[in-house]
Amino acid sequence: MSRARWRGVGGALLGLLLFGVGILVAALLVRTYTLPSSQVSWQGPGVAEVKFTPDERQLLKRALIGALRIPTVSFSEEEQNVTALAELGEYIRRVFPRVFSSSIIKHEVVAEYSHLFAVQGSDLSLKPYMILAHLDVVPAPPEGWDVPPFSGEERDGYIYGRGALDNKCCVIGALQALDLLLKRGYKPKRSFYIGLGHDEEVSGHKGAMKVVEKLQSRGVKLLFVIDEGLAVVEGVLHGVKKPVALIGTTEKGSITLNLTVNQPPGHSSMPPAETSIGILAAAVSRLERNPMPNMFGEGPDAFMFEKLAGEFAFPLNVMMANLWLFSPIISRVLEQKPSSNAIVRTTTAITIFNAGVKANVIPHIARATVNFRLHPAQTVDEVLDIVRNTVNDERVEISVLDSFNPLPISPHDESNFGYQTLQKTIHSVFSAAPVAPGICIGNTDSRHFVNLTDSIYRFSPFKLKAEDLSRIHGLNERISVEGLEQLTQFYYQLIQNADFDKVPVAHRATHEL
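The rules we used
Residues numbered from 1 in each chain as written. Predicted model: local features only at pLDDT ≥ 70, side-chain atom pairs only at ≥ 80, totals over all residues. Heavy atoms only, no water. Helix = DSSP H or I, 4+ residues; strand = E, 2+ residues; numbered from the N terminus. Rg over C-alpha atoms; globule rule 2.2 N^0.38 Å. Areas by Shrake-Rupley, 256 points an atom, 1.4 Å probe, with all protein chains shown as cover. Lys, Arg positive; Asp, Glu negative; His and termini not counted. Charge placed at Lys NZ, Arg CZ, Asp CG, Glu CD. Pairing = 2+ DSSP bridges. Contact = heavy atoms within 4.5 Å. Axes fitted to C-alpha atoms, helices over the stretch in contact; angles between N-to-C directions. Buried < 20%, exposed > 50% of the residue type's maximum accessible area, 1.4 Å probe, protein only. 1 Å grid on protein atoms, 1.4 Å probe; cavity = no way out; pocket = protein on both sides within 12 Å on 5 of 7 lines; lining within 4 Å. Points joined across faces, edges and corners; volume = space filled by probe spheres on them. Salt bridge = Lys/Arg side-chain N within 4 Å of Asp/Glu carboxyl O. Expected span 1.5 Å × (residues − 1). Arc of directions from axis to C-beta.

(A) View of the overall build of the protein chain. Within the protein chain, the secondary structure is distributed over 14 helices and 19 strands. In terms of overall size, the protein chain behaves like a compact globule, its C-alpha atoms giving a radius of gyration of 26 Å where 513 residues would be expected to give roughly 24 Å. Summed over its atoms, the accessible surface of the protein chain is roughly 23,200 Å², and 55% of this surface lies on carbon and sulfur atoms. Once the 50 positive and 53 negative side-chain charges of the protein chain are each reduced to a mean point, those two points are 5 Å apart.

Here is the structure:
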């Protein structure tokens, strides 16, 4: 073939290639700019907002401060500060006498320290729903805190203390909202429950599970459940400037393992080639150096980013709207930070390492505890197989202390009453913040309620900036006074929104090219 003909063929192929690229780019842009907008408006009447009086604002602050000063610490399932839990139970009685004396509310203590409130609505044909929160907190050694962790100190518009975010704010906010509604003469149409567990931080086996057993014995089925979980985040998702609300429609599973090495003890002057500590250290090092596979796109995580595609700046909006093409790139970016890495895979955390008793004695036994949080696309058995293959050492005994699979994914379509009611309330309280379903990477009491409803939502109604994420279970946990009022506003409007007997209808715009 002549050189001229080769040039002609090459030119034709280049033309076809450019045409194909043009078609691809056009398809990507069309999909990006014709996705439904995250901005919606709601049909039908609105509900009343809280109009706090100055006295009510002060009472709300004092209610949380007093609760934070009671150290309801859970160290383990066997060790809790039950004296403090009993004190907190008496405290909420004193702070919210209207709630405890109302003729439409039945209160009972469950398993000594948990609390169940049954609020009777006027229309018993409507299925009830449930609001969950918990009374206990994780330990908080004072080292590193700017204020004592159980002081409830107010400083520069923030209230500090262990439980300010996790989760006494929701305890106080939900009870305060109910109290204010009663004070204003509101009578709910739909019955609902408020459940306050006392051992969420150590499994909920004695608190939330007992509440579930009590409700099951009465034949109760729930329309939906809302518990703590994700929040209104700002500056957390790279490329999104405005606050966005994430509702956990599932939560990760969990496995806690003990890895144990048993070797002959001896004197440090005559060490063997490998000690029990060395063998175990190598095993846990292999687990850290070989993370679980990236599962982005195989669970609900990809849907969250696609739902929020229109909120990302260019060119991320194009990539998020077309994950069928860009998911490998996005998934690699997400795994660079611990907070987003936890979304795309089962995480591995070495949490306890015990070995040795004396400097000149080679220890007989070395033991490590490892916690895995399971991505929704994996099961306990699948993760255990990967762990055994990664450790790959018969001298390391692997035993399961506790495990459960990821939770079912709750419905989040436009026909689901619970999700749409939450979305409508969030839009009203948080300045029309875009809403998307997500994965709750921690575990909550709500996982025990799967037999009572298929609609379980994990949402903490407050704003979190990137720098606030480490405060939960960390140092200087705090909530702003404004955030506490907004949280109470959320429950106040949620209770009213749930009184409608039809699914809220949203009008959703589309982006225009």
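(B) Region of interest: the sheet that holds strand β5 (residues 154-155). With antiparallel pairing, the three strands of this open sheet are ordered in space as β5-β6-β18. The open sheet terminates on both sides in strands that have one partner only, identified here as β5 and β18 (478-480). Across the face of the sheet, helix α2 (residues 54-68) comes into contact with β5, β6 (158-160) and β18 while running at roughly 20 degrees to β6. Against the sheet, helix α14 (residues 481-497) contacts β5, β6 and β18, and its axis sits at roughly 75 degrees relative to β18.

(C) Main features of the pairing of strand β10 (residues 253-262). For β10, the tally of buried residues reaches nine of ten residues, placing the bulk of the element in the interior. Here ten bridges tie β10 to strand β14 (residues 365-374), and the two strands are oriented antiparallel to one another. Looking at the pairing, N258 lines up with T369 of β14. Relative to strand β15 (residues 396-404), β10 runs antiparallel, the two being bridged by eight bridges. Along β15, the bridge assignment pairs S254 with F404.

(D) Representation of empty space enclosed by the protein within the structure. Under the counting rule described, the total for this entry stands at one cavity of 30 Å³ or more. Computed from the structure, the largest cavity encloses a volume of approximately 50 Å³. Around the largest cavity sit H115, L132, G195, L196, G197, A208, V211, D445 and F449, which together line it. Among the elements that take part in the lining of the largest cavity, strand β7 (residues 192-197) stands out by supplying three residues, more than any other.

(E) Representation of the pattern of salt bridges within the structure. Here the structure, examined in full by the defined rule, presents 19 salt bridges. A salt bridge links E335 to R332; its shortest N-O distance comes to 4.0 Å. Looking at E335, the relative accessible area reads 22%, which means it is partly exposed. One network of salt bridges, in which partners are shared, links E56, K183 and R184.

(F) Spatial organisation of helix α10 (residues 323-334). Taking 1.5 Å per residue as the helical rise, α10 with its twelve residues ought to reach 16 Å, whereas the 13 Å between its terminal C-alpha atoms falls clearly short. Taken as a whole, α10 has its buried residues at L323, F326, S327, I330, S331 and L334. For α10, the angular spread of the buried residues around the axis is 155 degrees, confining them to a single face.

(G) Structural detail: the sheet that holds β15. Ordered by their spatial adjacency, four strands build an open sheet running β12-β14-β10-β15, and the pairing between neighbours is antiparallel. Each having just a single partner strand, β12 (347-355) and β15 make up the two edges of the open sheet. With strand direction ignored, the average angle separating the axes of adjacent strands in the sheet is 20 degrees. Sitting on the sheet, helix α7 (residues 276-289) touches β10, β12, β14 and β15, and the angle it makes with β14 is about 15 degrees. Those strands touched by helix α12 (residues 380-391) are β10, β14 and β15, and its axis lies near 160 degrees from that of β15.

(H) Looking closely at unusual backbone geometry. That bond from D166 to N167 is cis: its omega, 10 degrees, falls within 30 degrees of zero. On the secondary structure map, N167 appears in the loop between β6 and α5 (168-183). Following F314, the chain continues into P315 via a peptide bond in cis, with omega recorded as 5 degrees. Among the secondary structure elements, P315 is positioned in the loop between α8 (301-307) and α9 (316-321). Of note, the phi angle at S203 is positive, near 115 degrees, even though the residue is not glycine. With respect to the helices and strands, the residue S203 is situated in the loop between β7 and α6 (208-217). Even without a glycine there, the phi angle at H473 is positive, about 70 degrees. The class of H473 is partly exposed, set by a relative accessible area of 44%.

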